[in-house]
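These are the residues of each chain, in order.
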Protein chains: 2
Amino acid sequence: MKLTALAGGVGGAKLADGLAQLLPPEDLTIIVNTGDDFEHFGLYICPDLDTVCYTLAGLANPVTGWGRAEETWQAMEALRRLGAPDWFNLGDRDLATHLERTRRLREGQPLSRITRDFCRAWGVRHTVLPMSDDPVRTMVDTHEYGELPFQEYFVKYRCEPRVRGFRFAGLESARPAPGVLEALREADAVVLCPSNPWVSIDPILNLTSTPHPPFPSPAGKGEGGRRGDGVRASPLPGREGPGVRASPLPGREGPGVRWVAVSPIIGGKTVKGPAAKMFAELGIPPSALAVAERYRGLLTGFVLDTADSALAEAIQRANVQTLITDTLMNSPSDRRRLAQDVLNFIRSLLTADR
Amino acid sequence: MKLTALAGGVGGAKLADGLAQLLPPEDLTIIVNTGDDFEHFGLYICPDLDTVCYTLAGLANPVTGWGRAEETWQAMEALRRLGAPDWFNLGDRDLATHLERTRRLREGQPLSRITRDFCRAWGVRHTVLPMSDDPVRTMVDTHEYGELPFQEYFVKYRCEPRVRGFRFAGLESARPAPGVLEALREADAVVLCPSNPWVSIDPILNLTSTPHPPFPSPAGKGEGGRRGDGVRASPLPGREGPGVRASPLPGREGPGVRWVAVSPIIGGKTVKGPAAKMFAELGIPPSALAVAERYRGLLTGFVLDTADSALAEAIQRANVQTLITDTLMNSPSDRRRLAQDVLNFIRSLLTADR
C-alpha cells in the first residue's frame, strides 16, 4: 500500500514519523507545507519542513517537538547581547540547516533538491517533499494588527491576535514541487495529518497542478545573492490547471485513492497550536466535526479521538467513514500505534470497495 | 595627544588594543580594513573588523587571535554533516555577529553605524571605524588560480598560491566612512599598525577622500533583501578628490600630524599571515626595510624590531626616524609595552619639531 501524507508542523511530523516506522521508504511520501517559510537575518527558514525532517531523522527535540535535540544557544545569547530581534529561537545546530539551505538557494538550487540532500545526510529514508519550490507566504489577517506574516503571528505574537482570515501570498503562481503530483496520483491513500487545516493543510490543497518547469541551473558562484528576486527564484508565470485538491486523481470517483484526515482537534481543543482558536475566531465552534466539514467533499475517511466519539455519526452522515481511536501522540510508541490504526482503517476502506 | 590607527587583522588588533589601554577613548580612533569582507552562506562577514572589535572588547580568542573566546562549534559540526563548505570557520557566538550585521545591512543601515552599536554592546569604548561603508573586495591575483577573493586565498587555500598582484574591487568608488577623514585630519599622529601592507593597509590608504553622502534611510521591512544590489548598498558615483594617502592633512609639510608605521616583518618573516611571502613573490626581499620602502613618502617614523636593527640606517637615509624595540606581542602586556614605546616615539617626533 502506497501512502502520501500531507503535513504541517509538530502534530503532522509525529504521525508522519509513525507511518515511516511502519511503511518502507518506497511506500510513503510526505508533502510538507512551506507557507510558514520566512526570511530572518537573511536566512531562509522552513519551520514545518525542518520539524518533519528532524522528527523523521530522530534529531528533533523530544520536549518541544520543534528544533533539534541537545541544542545549544550560544548564537542566540550573543544575538541578545547585540540587541538583535530574539523572538524566533535559532539554535546553534538548527542554524546550520538555515545557513546551508540559504547558500544553496542563492546558488539557484530548488528547495526540493536541497531537502532531498539534507534528508540523505540526516539518514531520513522516506521521501519528504516541500509542497512547492516557489515561495508561498501565509499571511494571517488579524483584528489587532491587520495582516501578519505567519511566523510573526505564531511566534512573535504567540497566536494572541484574533484571526479574521488568511492569504497565501504567491500560492496562485506556485507550482507543486517535482514529485508532489506524482505522489498524489500514485498513492492508494492520502493522509491529511493532524495539522492545522487553515494554515498547514489548506496551502498544500490549494496549490495549482501546473507541472513544475525545469529549474534554472545554478547561477555563477556569488551571483545568486546579487539577483533582484530574493533568496528563492521568482515564481514563474503559468497557473492554469486545477489545484492539488481538484486535480483529477485516479479513483476519486471509485475504488482507488482514498483521502483520510486525522483530526488535530480533540475535545474542542488542539494539542498544540492555534487551530481551535482560529475556528472559534472565524465563527465556527472548534471540534473534530468542524475539521471534517472543512475538508468536505475531499474525504473518504476521518479519524477522531475517543473523546469525540459522539461526533462520529454526524460525520458519517456526510458519507465519510470514521475511525474512533486514541489520537494523542505523547510518545514515539503512540505515533506508531496511531499510524497502525490509520493504516488498518485505510486498508478496511480499500477492501470495502473491492 | 590624538592618535588614529590603521589596522588589519590580528597584528593590527593587538597594537590597537595596546594603544587603547593607554589612551582615553576620545584620543584614539581605529580605522579598519574592510577589503577582506565577504559573503558566505548569505552572511556578510568582516574578518578584520571583527578581530579588532573582539580584541578591544576582550572577547577575542587568546590562542588564535581571531574568533571569539570560549567559542563553540555546534553549527559548524552540523554544517559538515550536511556536506556544506567548511573552509571558513563559523563559531556559534561569532555567527551572531554576522547574522545581526547582515540583518541590519539588509535594512539599509551603514556598516559604520552597525559597528558603532556593536562596539557599544560589547563595551568597546574607543572608536572603531570600518574604512568605508561601501563594499571593497580585495582580489589576490595568483599564478595557480588567477584572481581569488581574499578569504579564499587566505583561508581556503591557506595562502599557498603564488601572488602576482592585487586588485581592490570597488575601491575606486568607495568613500571613507563617516569619521574617517576627520579622524585623520584631527590626529597628531597616524599609526600604521603591524598589518599586511599589501592587503590590510593599502586599501585604507588608497580610499578616495570624497565625503560620504547621507546613507539611504532603512528600507521597508523585508524589502532590503529584495533589492538587486547585494547585501550592502551599491557604491554611489563620485570618486573625485585625492585618496586618504594623498588627502591634504594638516602638518604633512611641517609640525603636526606624523605618520608612523610599525613593521609587521621581523627578521624577514611575518609573525602571522602572508606579508613576507607576498613581498618575496612580488620580487622584493621581505624585510622591515621593504615595508618602509612600501610606505615611502608617507612616513615620519618607523618602528622596527631589535632583530632588524641593522636596517635602521638605510631607513633613516630616506629621512624617516626610526625606533628599534621589541615588536613581538605575545601577551597583553607586550601590547601595552609596544604601544607605550610607539607613543613615546611619536611624542619625541612631535617635540623635535617644536
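Residues numbered from 1 in each chain as written. Chains lettered and ligands numbered in written order. Predicted model: local features only at pLDDT ≥ 70, side-chain atom pairs only at ≥ 80, totals over all residues. Heavy atoms only, no water.

(A) Layout of the overall build of chain A. When helices and strands are counted, chain A shows twelve helices and 14 strands. Contacts in chain A between residues far apart in sequence, at least 24 positions, make up 69% of those at least 6 positions apart. Surface accessibility of chain A: about 13500 Å² in total, with carbon and sulfur atoms responsible for 50%. (Helix = DSSP H or I, 4+ residues; strand = E, 2+ residues; numbered from the N terminus. Contact = heavy atoms within 4.5 Å. Areas by Shrake-Rupley, 256 points an atom, 1.4 Å probe, with all protein chains shown as cover.)

(B) Here's a closer look at the environment of A:Leu289. All names here are of chain A. Among the secondary structure elements, Leu 289 is positioned in helix α10 (residues 288-294). In this structure Leu 289 comes out as partly exposed when scored by relative accessible area, which is 23%. Among all residues touching Leu 289, those that are not within four sequence positions of it are Leu 311, Ala 314 and Ile 315. (Buried < 20%, exposed > 50% of the residue type's maximum accessible area, 1.4 Å probe, protein only.)

(C) Layout of the relation of the copies chain A and chain B. Between chain A and chain B, which share one sequence, the superposing operator has a rotation angle of 180° and an axial displacement of 0.0 Å; the RMSD is 0.0 Å. What we have between these two chains is a two-fold relation. Interface overlap between copies: 100% of the residues of chain A at the interface are likewise at the interface in chain B, consistent with a symmetric, same-surface contact. (Least-squares fit on C-alpha atoms with pLDDT ≥ 70 in both.)

(D) Representation of the nonpolar core in the model. All names here are of chain B. Judged by nonpolar contacts, the single largest core of 47 residues is most densely connected at Leu 3, Leu 15, Ile 30, Trp 122 and Val 128. If you list the elements that add at least two residues to this core, you get β1 (3-7), α1 (10-22), β2 (28-32), α2 (47-57), α5 (111-122), β9 (189-192), β10 (258-262) and α12 (332-353). When residues of this core are assigned to their parent elements, the largest contribution, eight residues, is made by α12. (Core = buried A, V, L, I, M, F, W, Y, C linked by side-chain atoms within 4.5 Å.)

(E) Spotlight on the environment of A:Phe279. Residues and elements named next belong to chain A. Counting through the fold element by element, Phe 279 comes out in helix α9 (residues 275-281). Under the relative-accessibility criterion, Phe 279 is labelled buried at 1%. Sequence separation between Phe 279 and Val 136 is 143 residues, and the spatial gap between their C-alpha atoms is 22 Å. Beyond its immediate chain neighbours, meaning those up to four positions away, Phe 279 contacts Pro 197, Trp 198, Ile 265, Ile 284, Pro 286, Ala 290, Val 291 and Arg 294.

(F) Examining the sheet that holds strand β14 (residues 321-325) of chain B more closely. All names here are of chain B. Spatially, seven strands are ordered β5-β2-β1-β9-β10-β13-β14 in an open sheet, and the strand pairing comes out parallel. Of all the strands in the sheet, the pair left with one neighbour each is β5 (127-130) and β14. Each strand of the sheet is rotated relative to its neighbour by a mean of 20°, with strand direction disregarded. This element, α1, spans β1, β2, β9 and β10 of the sheet and lies at about 170° to β2. Together, β1, β2, β9 and β10 form the strand contacts of helix α8 (residues 197-205), whose direction differs from that of β1 by roughly 130°. (Pairing = 2+ DSSP bridges. Axes fitted to C-alpha atoms, helices over the stretch in contact; angles between N-to-C directions.)

(G) Here's a closer look at the sheet that holds strand β2 (residues 28-32) of chain A. Residue and element names in this part refer to chain A. One open sheet accounts for seven strands, arranged β5-β2-β1-β9-β10-β13-β14; its pairing is parallel. Edge strands, defined here as strands with exactly one partner in the open sheet, are β5 (127-130) and β14 (321-325). Each neighbouring strand pair of the sheet contributes to a mean axis angle of 20°, computed without reference to strand direction. Where strand β13 (residues 301-305) meets β14, five bridges bridge the pair, whose relative direction is parallel. From the neighbouring strand, Gly 301 faces β14, where its bridge partner is Gln 321.

(H) Seen up close, the interface of chain A and chain B. The partner chain B presents 38 residues to the 38 residues of chain A that form the contact. Buried surface at the junction of chain A and chain B, both sides included, amounts to about 3200 Å², of which 58% is carbon and sulfur. If you look at where chain A meets chain B, you find two salt bridges. Two residues, A:Arg106 and B:Glu39, come together in a salt bridge whose shortest N-O distance is 3.1 Å. (Buried area = accessible area lost by both parts, 1.4 Å probe. Salt bridge = Lys/Arg side-chain N within 4 Å of Asp/Glu carboxyl O.)

(I) A look at the pairing of β10(B). Residues and elements named next belong to chain B. The buried count for β10 comes to five of five residues, which makes it a mostly enclosed element. Of the two faces of β10, the one lined by Arg 258, Val 260 and Val 262 and the one lined by Trp 259 and Ala 261 are each fully buried. Sheet topology places β9 next to β10; four bridges connect them, and they run parallel. Bridged to Ala 189 within β10 is Arg 258.

(J) Representation of the pattern of salt bridges in the model. Tallied over the full model, the rule gives 41 salt bridges over all chains. In this structure, B:Asp202 engages B:Arg294 in a salt bridge whose closest nitrogen and oxygen atoms are separated by 2.3 Å. Taken together, the positions of B:Asp202 in helix α8 and B:Arg294 in helix α10 (residues 288-294) put the pair 92 residues apart, joining distant regions of the chain. For B:Arg294, a relative accessible area of 28% translates into the label partly exposed. Between B:Arg317 and B:Glu313 there is a salt bridge, with its nearest N and O atoms 3.7 Å apart. Like B:Arg317, the residue B:Glu313 is exposed in the burial classification. One salt-bridge network, in which partners are shared between bridges, spans A:Glu100, A:Arg103 and A:Glu107.

(K) Representation of the packing of helix α4 (residues 92-106) of chain A against helix α5 (residues 111-122) of chain A within the structure. All names here are of chain A. Relative to each other, α4 and α5 sit at 140°, their axes nearing to 10 Å. One finds that α4 runs oblique with respect to α5. Here the hand of the crossing between α4 and α5 comes out right-handed. Counting all contacts with α4, which are made through Thr 97, Glu 100, Arg 101, Arg 104 and Leu 105, the residues of α5 involved are Leu 111, Arg 113, Ile 114, Asp 117, Phe 118 and Trp 122. (Parallel < 35°, antiparallel > 145°, perpendicular 65-115°, else oblique. Left-handed = near helix turned anticlockwise from the far one by under 90°.)

(L) Structural view of the state of the cysteines. Throughout the structure, instances matching the rule amount to zero disulfides over all chains. Looking at the unpaired A:Cys193, the closest cysteine sulfur is the one in A:Cys53, lying at 13 Å. Classification of A:Cys193 by relative accessible area gives buried; the value is 1%. There is no disulfide at B:Cys46, and the cysteine sulfur nearest it, in B:Cys53, is 9.2 Å away. Judged by its relative accessible area of 0%, B:Cys46 is buried. (Disulfide = S-S within 2.5 Å.)

(M) Representation of helix α3 (residues 74-81) of chain B within the structure. For α3(B), the full list of buried residues reads B:Gln74, B:Ala75, B:Met76, B:Ala78 and B:Leu79. Buried residues in α3(B) make contact with α4 of chain A together with α4 (92-106) of chain B. Following α3(B) by one or two positions, B:Gly83 adopts a phi angle in the positive range, close to 70°.

(N) Structural context of α4(A). Residues and elements named next belong to chain A. Counted at 1.5 Å a residue, the expected span for α4 with its 15 residues is 21 Å, and the 21 Å between its end C-alpha atoms agrees. Burial analysis of α4 places 14 of its 15 residues in the buried class, the great majority of the element. Count one or two residues on from α4 and you reach Gly 108, which has phi positive near 100°. (Expected span 1.5 Å × (residues − 1).)

(O) Inspection of the side chain of A:Thr51 at higher detail. Residue and element names in this part refer to chain A. Note that Thr 51 resides in helix α2 (residues 47-57). Assessed through its relative accessible area of 8%, Thr 51 is described here as buried. For Thr 51, the side chain forms a polar contact with the main-chain oxygen of Pro 47, separated by 2.9 Å. Once residues within four sequence positions are removed from consideration, Thr 51 is found in contact with Gly 9, Val 10, Ala 13, Gly 65 and Trp 66. (Polar contact = N/O pair within 3.5 Å; in protein donor to acceptor, adjacent residues only side chain to side chain.)

Shape is all these values report; function is a separate question.
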